[in-house]
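Take a look at the letters that make up each chain.
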Amino acid sequence: MSFPKQISGSRCRVCGGPVSEFFDFGRQPLSDAFHEQPPADELFFRLAVGNCSWCTMVQLMEEVPRDRMFHAGYPYLSSGSAVMRDHFGKVAGRFLETELTGPNPFVVELGCNDGVMLRTIAEAGVRHLGVEPSGGVADLAAAKGVRVRKSFFEEQVATEILAQDGPADVIYAANTLCHIPYLGSILRGVDALLAPDGVFVFEDPYFSDIVERASFDQIYDEHFYLFTVRSVQSAARPYGLELVDVERLPVHGGEVRYTLARAGGRRPAPAVAELLAEEHERRLTEAETLAGFGSRVEGIRERLVTLLRELKAKGKRVAGYGATAKSATVLNYCGIGPDLIPYITDTTKAKQGTKTPGSHIPVLGPEAFRDPYPDYAVLFAWNHAAEIMEKEVGFAGVGGEWITYVPDVCVV
Ligand code: SAH
Ligand code: TYD
Ligand code: ZN
């Protein structure tokens with residue numbers, strides 16, 4: 001079935017300017033819709049990406065309604081990676097040492113998921129609230145002692161939190177702000193809820209890293225925006241918020257952590273101007289760069305499909321590793337199904353025993369990877385490569401080879 005309510009995104013969701021499309025991934029399913037038996041009316045939408053000629057914001061051309069993506073059965077678990085658990089432990093530690101040292105501080109996290117960050121804040125006895133619309137993961141956070149409100153953060157929710165708890169010293173969001181098309185409502189909410197000298201800190205995949213690595217699978221339904229320093233700065237300004245710091249992060253294939261404060265409240269760190277200048281020099285959102293990105297993506301599709309067909313012709317056994325949301329874009333864009341990759345293994349219980357969205361490849365538990373090892377494994381969780389390679393040394397030990405496709409198709 002085609003998508004029921006298609007909102008044509010020819011106007012920028014941030015500033016209302018004209019958006020020009022630069023790549024079309026075609027018909028795509030909801031990236032986290034894993035079903036035991038895919039329904040006959042499985043939802044599809046057109047995944048295409050463009051950039052605004054006024055504010056440069058890179059965004060999807062079509063928007064999927066939020067409750068189709070984020071609901072009680074949302075399967076993504078933030079605590080599924082040891083590296084990410086460590087990362088968020090450090091984030092919490094840093095807030096506790098820097099921004100949360102005043103009397104009775106208060107921190108709000110948007111999209112706290114299973115409580116991977118807030119558990120440390122809760123253990124420290126610091127006032128906090130996680131705002132998380134996906135009921136299943138919100139329950140997991142609550143079970144860790146995290147105080148959670150099961151709702152989508154937006155302006156109205158922000159004013160309710162303010163009335164109940166007072167202003168927030170820190171508002172934090174990781175891999176969540178880029179999921180939210182209604183950015184204006186979020187920023188009005190932040191403006192309402194943030195203490196006068198508070199900070200709004202968020203970290204999301206960095207479009208510059210996506211272009212550099214041709215990591216096109218960062219583009220899927222949930223990733224509505226692909227931020228740059230320039231686009232974030234201009235989105236925040238009308239709400240009286242100023243970009244005062246940026247920090248590049250190695251996680252999830254390259255992210256930036258943005259810090260916003262009330263305009264004039266804090267002196268911007270030199271890193272802001274430096275990264276802005278770098279984006280300008282790279283001509284990051286100019287037509288030529290974006291067209292170059294598109295050509296690389298097409299080349300990767302060609303080489304990946306050719307490789308998988310050759311391996312199949314040679315009778316090699318190929319598996320997928322990590323039923324990521326990202327893999328939906330790769331599999332559906334490349335037209336890869338169970339004929340080329342018969343199964344994908346994943347540690348997430350809720351994904352095991354299901355089929356991947358759109359491509360219908362069975363998802364098995366991690367034990368299936370070893371029993372027996374395949375000849376080749378396509379690493380769909382490439383952003384966790386170091387952690388996975390270390391864990392799966394036995395695979396290389398029996399002569400198994402990894403296939404990656406970021407930044408290009410490669411057998412290692
Ligand atoms: N912060 C975690 C989770 C990222 S997944 C991490 O970095 O790993 C994105 C999360 O945002 C999901 O749990 C989803 O339910 C949540 N989300 C989506 N829209 C939201 C909104 N409007 N307000 C708060 N959370 C939202
Ligand atoms: P991730 O790449 O973090 O995000 P997304 O789904 O947004 O693309 O997802 C990692 C997936 O890989 C998740 O489903 C869990 C799985 N995984 C494993 O199967 N084994 C591992 O060792 C790790 C780290 C992740
Ligand atoms: Zn715009």
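Structure report, in brief. Everything quoted here is computed from the prediction, not taken from an experiment.

## Digging into the coordination of the zinc ion (ligand 3)
- With distances of 2.3 to 2.4 Å, the protein atoms coordinating the zinc ion (ligand 3) are Cys 12 (SG), Cys 15 (SG), Cys 52 (SG) and Cys 55 (SG).
- Around the zinc ion (ligand 3), the four donor atoms are arranged such that angles at the metal cover 98 to 116 degrees; this shape is classified as tetrahedral.
- Site description for the zinc ion (ligand 3): donor spacing in sequence, C-x2-C-x36-C-x2-C.
- With relative accessibility at 1%, the residue Cys 52 sits in the buried group.

## Details of unusual backbone geometry
- With an omega of -10 degrees, the peptide bond between Asp 371 and Pro 372 qualifies as cis.
- You can see Pro 372 is positioned in the loop between strand E14 (363-364) and strand E15 (376-379).
- Here the amide bond leading from Val 406 into Pro 407 is cis, since omega sits at 5 degrees, within 30 degrees of zero.
- Tracing the backbone shows Pro 407 in the loop between strand E16 (401-404) and strand E17 (410-411).
- A positive phi angle, near 70 degrees, is found at Thr 56, a position not held by glycine.
- Structurally, the position occupied by Thr 56 is in the loop between strand E2 (44-52) and strand E3 (58-60).

## Side note on the site of ligand 1
- Among the 20 residues in the neighbourhood of ligand 1, the closest are listed as Ser 78, Glu 132, Ser 134, Phe 153 and Asn 175.
- Here a nitrogen atom of ligand 1 sits 2.8 Å away from a polar atom, N or O, in the main chain of Phe 153.
- By residue class, the composition of the shell around ligand 1 is 11 nonpolar, seven polar and two charged.

## Considerations on the site of ligand 2
- As a structural note, the neighbourhood of ligand 2 is formed by 21 residues, with Ala 325, Lys 326, Asp 346, Lys 351 and Lys 391 the closest of them.
- Within the contact set of ligand 2, an oxygen atom lies 3.0 Å away from a backbone nitrogen or oxygen of Thr 347.
- Between Lys 391 and ligand 2, the recorded distance is 2.5 Å, taken from a side-chain N or O atom to an oxygen atom.
- For the shell around ligand 2, the secondary-structure elements that each account for two or more residues are helix H11 (325-334) and helix H12 (385-391).
- Broken down by element, the residue count for the shell around ligand 2 peaks at three residues, all from H12.
- Here the residues of the shell around ligand 2 sort into seven nonpolar, nine polar and five charged.

About the thresholds
Residues numbered from 1 in each chain as written. Chains lettered and ligands numbered in written order. Predicted model: local features only at pLDDT ≥ 70, side-chain atom pairs only at ≥ 80, totals over all residues. Heavy atoms only, no water. Donors = N, O, S within 2.8 Å, 3.2 Å for Na, K, Ca; no water. Tetrahedral: all angles 85-135°; square planar, octahedral: opposite > 155°, others 65-115°. Buried < 20%, exposed > 50% of the residue type's maximum accessible area, 1.4 Å probe, protein only. Helix = DSSP H or I, 4+ residues; strand = E, 2+ residues; numbered from the N terminus. Near = heavy atom within 4 Å. Polar contact = N/O pair within 3.5 Å; in protein donor to acceptor, adjacent residues only side chain to side chain. Nonpolar A, V, L, I, M, F, W, Y, C, P; charged D, E, K, R; others polar.

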